[in-house]
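Observations on chain architecture
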Amino acid sequence: MSQVRQVGLLAAGCQPWNKDVCVANGDRFAYCATLAIYIYQLDHRYNEFKLHAIMSEHKKTITAISWCPHNPDLFASGSTDNLVIIWNVAEQKVIAKLDNTKGTPASLSWCWNADDTVAFASQRGPLFIWTISGPDSGVTVHKEAHSFLSDTCIFRWHTQKKGKVVFGHIDGSLSIFQPGNKSQKHVMRPESLEGTDEEDPVTALEWDPLSTDYLLVANLHRGIRLIDSESLCCITTFNFPSAVASVQCLAWVPSAPGMFITGDSQVGVLRVWNVSRATPVDNFKLKKTGFHCLHVLNSPPRKKFSIQSPTKNHYTSSTSEAVPPPTLTQNQAFSVPPGHAVCCFLDGGVGLYDMGAKKWDFLRDLGHVETIFDCKFKPDDPNLLATASFDGTIKVWDINTLTAVYTSPGNEGVVYSLSWAPGDLNCIAGATSRNGAFIWDIKKGKIVQRFNEHGKNGIFCIAWSHKDSKRIATCSGDGYCIIRTVDGKVLHKYKHPAAVFGCDWSQNNSSVRIWDYTKDACINILRGHTAPVRGLMWNTEIPYLLISGSWDYTIKVWDTREGTCLDTVYDHGADVYGLTCHPRRPFTMASCSRDSTVRLWSLTPLITPLQINILADRSWEEIIGNTDCAVEQGMPPLLCGKVSRDIKQEIEKLSGNPRVKKLRWFSECLSPPGGSDNLWDLVAVIKGQDDSLLPQNYCKGIMHLKHLITFRTSEAQKLTTVKMSKFGGGIGAPTKEERLKEAAEIHLRLGQIRRYCELMVELGEWDKALSVAPGVSVKYWKKLMQRRADQLIQEDKDDVIPYCIAIGDVKKLVHFFMSRGQLKEALLVAQAACEGNMQTFHVSTPKGSSYSDDNYKEDFNELLQEACRELAEWYFQDGRAVLAACCHLAVDNIELAMAYLIRGNELELAVCVGTVLGELAGPATHYALELLARKCMMIPTCFPSTGYRNLAVDLLLMTPDSELQLVKLCAFYPGCIEEINDLHEKCKLPTVEECMQLAETAHADGNIFETIKYYLLSQEPEKALPIGIDFIKEYISSSNWTLDTIYPVLDLLSYVRTEKLVLHTCTEARNELLILCGYVGALLAIRRQYQSIVPALYEYTSQLLKRRKVSVPIKIEQLSEELDAWRACTQSINRSSEESPYTPPSDSQRMVYATLLKRLKEPLRGIIGPDYVTGSNLPSHSDIHISCFTGLKIQGPVFFLEDGKSTISLNDALMWAKVNPFSPLGTGIRLNPF
């Protein structure tokens, strides 16, 4: 298993260099950075788009991408090195490549009239057509589309007319080609350009989806035209509100015929148009920076829950005969359509904008679009990371939220290096390729100083002295290292190759040399990289740990004592440049790369034994040491840095029991960002800490719900503006509408208020109806409010919120928020209701008139718990188990909080938190300790060393009733007799010799469990196998056996020493044990809801039954029948999409499944559901391993089985090991992924 875990990813932004760099198809959209393509996919469960994959095969700038219109899994991309690639998104792999195209594929598009044909063109043509497969495969040249007089900006195939294609040129003209028609080259330039050499590039070009001939054209300076491609005439010229506005991109809205949207080039204004009007229908200013490209999703995200619609038509009143809805007014007819636009901006920002709701569903702002050369943590804040890029900017990121919080003004050429000012000065020094060096004041948002001593030479490194904040050193391509003051006074100027102070130089080769400067000699060469090494970083706490980043795309971790490589990380898709850690969080590392990403890593798996020493409350000598001692070969890891010494000093100052502080401080130091600080704040609240001691940023995370309403109330009071949404109101109403209005006025004058209200509802003028409805009765007003709320929910509009709150329908509002994935909003409303801030009157109460306020409070509390569970599950599925645990701690649900930490494999953190929380967390803490002890038992090369053996014992002794767990530990320990007896003594168990006598006595007395236990602890543990297996076989031969009767015996048997189990004499017993463990494991997996491994366990058991000679009362047909019954009866839970057909289970399948369930019993409360570790959702360049369970590519952490080749996901490995301790390969080797 990998020793370095990826725990965070800062994705790149969208490149601004080329046009067709944003595409969408169905439930996916994609955009290009310079070297990689980012694929986002809709998660139907939470109604949101998530980063699904990063495709990074191109080595040069990507020029265009195009999604296949016939197959949503395929898309094509081209790059400046004359390469075109066809990708399969579902399988995340390249399926075809075209090298050495004749000219750069500057524009590229899938052909609409053929399934497997892609066209591409260079600036002046020709248009090449590549047929990817079939008898006609190969590249052909379009007969007419070549030898253009002006460079091509963009081209588009017609979606209906076969072979029809249009090109847009830099000079503002169009070229149209259609089989059977005369070619039209360089026509339809804007009239004001005719007869001039002035250029006005075609920035956007789209065929009208409802017409065979109409075409929308946008020129950068002359706006938008609707053109008839047959008659070559301009039908409509669209006018902008401002003369300075210019169009960068446009897109038709498929859900609204005749409507299209445009993005401005100077400022991020999104405009909505209808072809029948020359001016925009609406304008939204989304960002300060201009648009780069736009794409409208064909299928907007669906709701998570279907909300039941009322039985009556919304527009039909009880007193009206008018069934159909009224004709829309002109304003309503041109209202913004419900649709989602993928927006890419010139600053690299990417977002998904909901045009109907007028809000961002997703916004990835300020991402770098080019190579990131350097990254550094802020000296006084381990949560702020600065990055320097080829795109000419420095950006500062909050690594907890993975968002950019500041960006430098830019336009600096290439920024090669950066250095933070010491302390809290909030300034960054940057080194550039052409503009010298500069100081950027983050708070002021501007450059406050420049240094030009190196002239026009590039500056490759800059270092701000942290001992003297007035000094900055730079080194340049001119061979000089210059030290100056911050006001620009040069203090020293050194000529290389003399010593260069404050700047790190790297040898341009693929080795890392380690020098002892006291001996002036190279003491070790670390070989393994296959390209030059750029990034080097010593760990600040473990003195022998060195990390290197190379142009071979890898990061390597070295133990410099022996020169061994401990781990290699393949996740980056291009050269690795910068590596950094913050001293206060020394085991969280950031890396940056030419693939435009910053990735965050946890190094804590490298020091697992040290973490467990802290949990087991070992002495300081086993946790903290000095450098001389720590660097001795064979020594276990010891902390030797400043942060660990500071923690020790602070703990030694405390009076009383410092255990709680010790666990918290070390946990915060060792844990990666992403919720651990938040978790400890919530633990402190639950333990009764005074609120005034909570940190300032507590309110930015998940707060305990007793603080939530107070904080949000004060937040609301600070807001000085309130945005009001307008309702209704139309001009130029149709005749029918006028008649209805006149009738309503008459009814009102006759005092028939109810009839007036109903007619106003039919007219869509709800405000007028609701304002006079109390004149009928309060009951009628509430009913009308409910009808309006139901309608708005159906329309998915935020306007429903005040209606639900006014009538106290909290449940409807909470479910409305949850259906849209707005889980934090649902939580806020539910908590407000629990605190009595919502009225609890209802129009009718189905539960009877005796429904009291206490009943309502109970309902609200159930709603609150439901909202919390949903939010926790959202975080968990996003690979953030710690924040999921925070959600449950926020409502004092300690058991579920602990369960999420364990399911996320955050075992050390679970033990720390559980120890502090005490009794309520007890069972889960003990389970986590047992899993950690298993981890110690199987640490490669360490167990059976005495230190790790004793560590496992210490962990188990922290649990009550630990005798049986200690028996398992001793049974499995593979040492000599003397070592085993020492271990027995420590565990207060009889000697090996005494155990043999006790086993024989128990056997004579007929005590099966004691017999097995003592045989396992004796010199001949294999004697336990036939006794235990015969007992289990006899038991499961009966029809009414239960899992809880046989599992304790089977679990104990599974701890037989591996070297005894794999003996040839034990072959039959071993095979039967593996089969029984496989079958029982499948049942346990069903009980724990480990859906992904249930089929694998049944298949594993079936294969063993087929291939091995055994005598067990389990038949292959029975296994197949049980698996089919499980699938049929749980398919509604396991269905992957809403479209999959549902076939109800047969009666026989129901009976089989019911029998299965009778054998199962409730597991440890809360710890059910699949495991999902941090980083499971993070796409990586190394996602190339295929799971031997599913045959699919593994995303996230991979676990290698004992043959060194077979792989499964770490999540599946964890779940498998919890229900079946033996490897899926059937070797009898125990699995230990913990």
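Residues numbered from 1 in each chain as written. Predicted model: local features only at pLDDT ≥ 70, side-chain atom pairs only at ≥ 80, totals over all residues. Heavy atoms only, no water.

**Details of the overall build of the protein chain**
Tallying secondary structure elements over the protein chain gives 32 helices and 52 strands in all. A burial count over the protein chain gives 56% of its 1234 residues as buried. Sequence-distant contacts in the protein chain: of pairs separated by 6 or more residues, those separated by 24 or more amount to 52%. Accessible surface computed for the protein chain: about 52,500 Å², of which carbon and sulfur atoms make up 51%. (Helix = DSSP H or I, 4+ residues; strand = E, 2+ residues; numbered from the N terminus. Buried < 20%, exposed > 50% of the residue type's maximum accessible area, 1.4 Å probe, protein only. Contact = heavy atoms within 4.5 Å. Areas by Shrake-Rupley, 256 points an atom, 1.4 Å probe, with all protein chains shown as cover.)

**Notes on a negative patch on the surface**
A cluster of acidic residues, Glu978, Glu979, Asp982 and Glu985, forms a negative patch at the surface. Along the chain, glutamate 978 falls in helix α22 (residues 977-986). On the accessibility criterion, glutamate 978 (62% relative accessible area) is exposed. (Patch = residues over 30% accessible without salt bridge, like charges linked within 9 Å, V, L, I, M, F, W, Y side chains within 5 Å. Salt bridge = Lys/Arg side-chain N within 4 Å of Asp/Glu carboxyl O. Lys, Arg positive; Asp, Glu negative; His and termini not counted. Charge placed at Lys NZ, Arg CZ, Asp CG, Glu CD.)

**Quick notes on the packing of aromatic side chains**
Here the structure, examined in full by the defined rule, presents 37 aromatic pairs. Site record: aromatic cluster; members linked through ring pairs are Phe29, Tyr31, Tyr38, Tyr40, Phe49 and Phe362. The ring of tyrosine 544 has arginine 561 lying over it, and the distance from NZ or CZ to the ring centre is 3.6 Å. (Phe/Tyr/Trp six-rings, centres within 6.5 Å; stacked < 30°, edge-to-face > 60°. Lys NZ or Arg CZ within 6 Å of the ring centre and 35° of its normal.)

**Some remarks on the side chain of arginine 934**
Tracing the chain through its elements places arginine 934 in helix α19 (residues 922-937). One polar contact links the side chain of arginine 934 to the main-chain carbonyl oxygen of alanine 1217, over a distance of 3.0 Å. (Polar contact = N/O pair within 3.5 Å; in protein donor to acceptor, adjacent residues only side chain to side chain.)

**Brief notes about unusual backbone geometry**
Here glycine 125 and proline 126 are connected by a cis peptide whose omega angle stands at 0°. Note that proline 126 resides in the loop between β11 (117-121) and β12 (127-131). A positive phi is found at histidine 186, a non-glycine position, where the angle reads about 50°. For histidine 186, the location among the structural elements is in strand β17 (residues 184-187).

**Focus: the packing of helix α18 (residues 907-917) against α19**
Taken N-terminus to C-terminus, the directions of α18 and α19 make an angle of 145°; their axes are 9 Å apart at the nearest point. Judged by the sense of rotation from one axis to the other, the crossing of α18 with α19 is left-handed. In this structure, α18 uses Leu907, Glu908, Ala910, Val911, Gly914 and Thr915 to contact α19, whose residues at the interface are Thr925, Ala928, Leu929, Leu931, Leu932 and Lys935. Looking at side-chain class alone, the contact of α18 with α19 contains seven nonpolar, three polar and two charged residues. (Axes fitted to C-alpha atoms, helices over the stretch in contact; angles between N-to-C directions. Left-handed = near helix turned anticlockwise from the far one by under 90°. Nonpolar A, V, L, I, M, F, W, Y, C, P; charged D, E, K, R; others polar.)

**So, the environment of leucine 51**
Looking at the element boundaries, leucine 51 is found in strand β5 (residues 48-55). Judged by its relative accessible area of 18%, leucine 51 falls in the buried class. Spatially, the C-alpha atom of leucine 51 lies 7.2 Å from that of tyrosine 38, the residues being 13 residues apart in sequence. Ignoring anything within four residues of it in the chain, the contact list for leucine 51 reads Leu9, Ala11, Tyr38, Ile39, Tyr40, Asn1177 and Pro1179.

**With respect to α18**
Within α18, 10 of the 11 residues are buried, which leaves the element mostly enclosed by the surrounding structure. All of the buried residues in α18 are Leu907, Glu908, Leu909, Ala910, Val911, Cys912, Val913, Gly914, Val916 and Leu917. Looking at the buried side of α18, the elements it contacts are α2 (608-615), α5 (659-670), α6 (676-686), α16 (881-889), α17 (894-903) and α19. In the segment just after α18, glycine 918 is the residue with positive phi, at about 85°.

**Remarks on the confidence of the model for the protein chain**
Looking at the protein chain as a whole, the pLDDT averages 84, with 89% of positions reaching at least 70. Of the regions scoring below 50 in pLDDT, residues 498-509 engages in 22 contacts with residues more than four places distant in sequence or in other chains. Per-residue pLDDT stays below 50 along residues 719-734; that stretch engages in 10 contacts with residues further than four places along the chain or on separate chains. (pLDDT = per-residue confidence, 0-100.)

**Here we look at the side chain of asparagine 383**
Residue position: asparagine 383 is located in strand β31 (residues 381-389). Apart from the residues lying within four places of it in its own chain, the contact partners of asparagine 383 are Trp397, Asp398, Ile399, Asn400 and Arg585.

**With respect to the sheet that holds strand β32 (residues 394-398)**
Backbone-to-backbone hydrogen bonds join strands into a sheet, with any given pair of strands oriented parallel or antiparallel. If you walk across this open sheet you meet the four strands as β30-β31-β32-β33, and the pairing is antiparallel. Two strands bound the open sheet, and with one partner strand each, they are β30 (372-378) and β33 (403-407). When strand polarity is set aside, the average angle formed by the axes of neighbouring strands in this sheet is 30°. Pairing of β32 with β33 involves four bridges; the strand directions are antiparallel. Looking across to β33, one finds that valine 396 is bridged to tyrosine 406. (Pairing = 2+ DSSP bridges.)

**Focus on the environment of aspartate 628**
Relative to the helices and strands, aspartate 628 is located in helix α3 (residues 627-630). In sequence terms aspartate 628 and cysteine 640 are 12 residues apart; their C-alpha atoms lie 9.6 Å from each other.

**What about the packing of helix α23 (residues 992-1005) against helix α24 (residues 1008-1016)?**
Between α23 and α24, whose axes approach to 8 Å, the crossing angle comes to 160°. Comparing the axis directions of α23 and α24 gives the class roughly antiparallel. The element α23 and its partner α24 pack so that their crossing is left-handed. Contacts between α23 and α24 involve Cys995, Met996, Leu998, Ala999, Glu1000, Ala1002 and His1003 from the former and Glu1010, Thr1011, Tyr1014 and Tyr1015 from the latter. Looking at the contact of α23 with α24, its residues break down into seven nonpolar, two polar and two charged. (Parallel < 35°, antiparallel > 145°, perpendicular 65-115°, else oblique.)

**Description of the sheet that holds strand β24 (residues 268-274)**
Across the sheet, four strands lie side by side as β22-β23-β24-β25; this open sheet has antiparallel pairing. Strands with a single pairing partner mark the edges of an open sheet, and in this sheet they are β22 (247-252) and β25 (282-287). The mean angle between the axes of side-by-side strands here comes to 20°, regardless of whether they run parallel or antiparallel.

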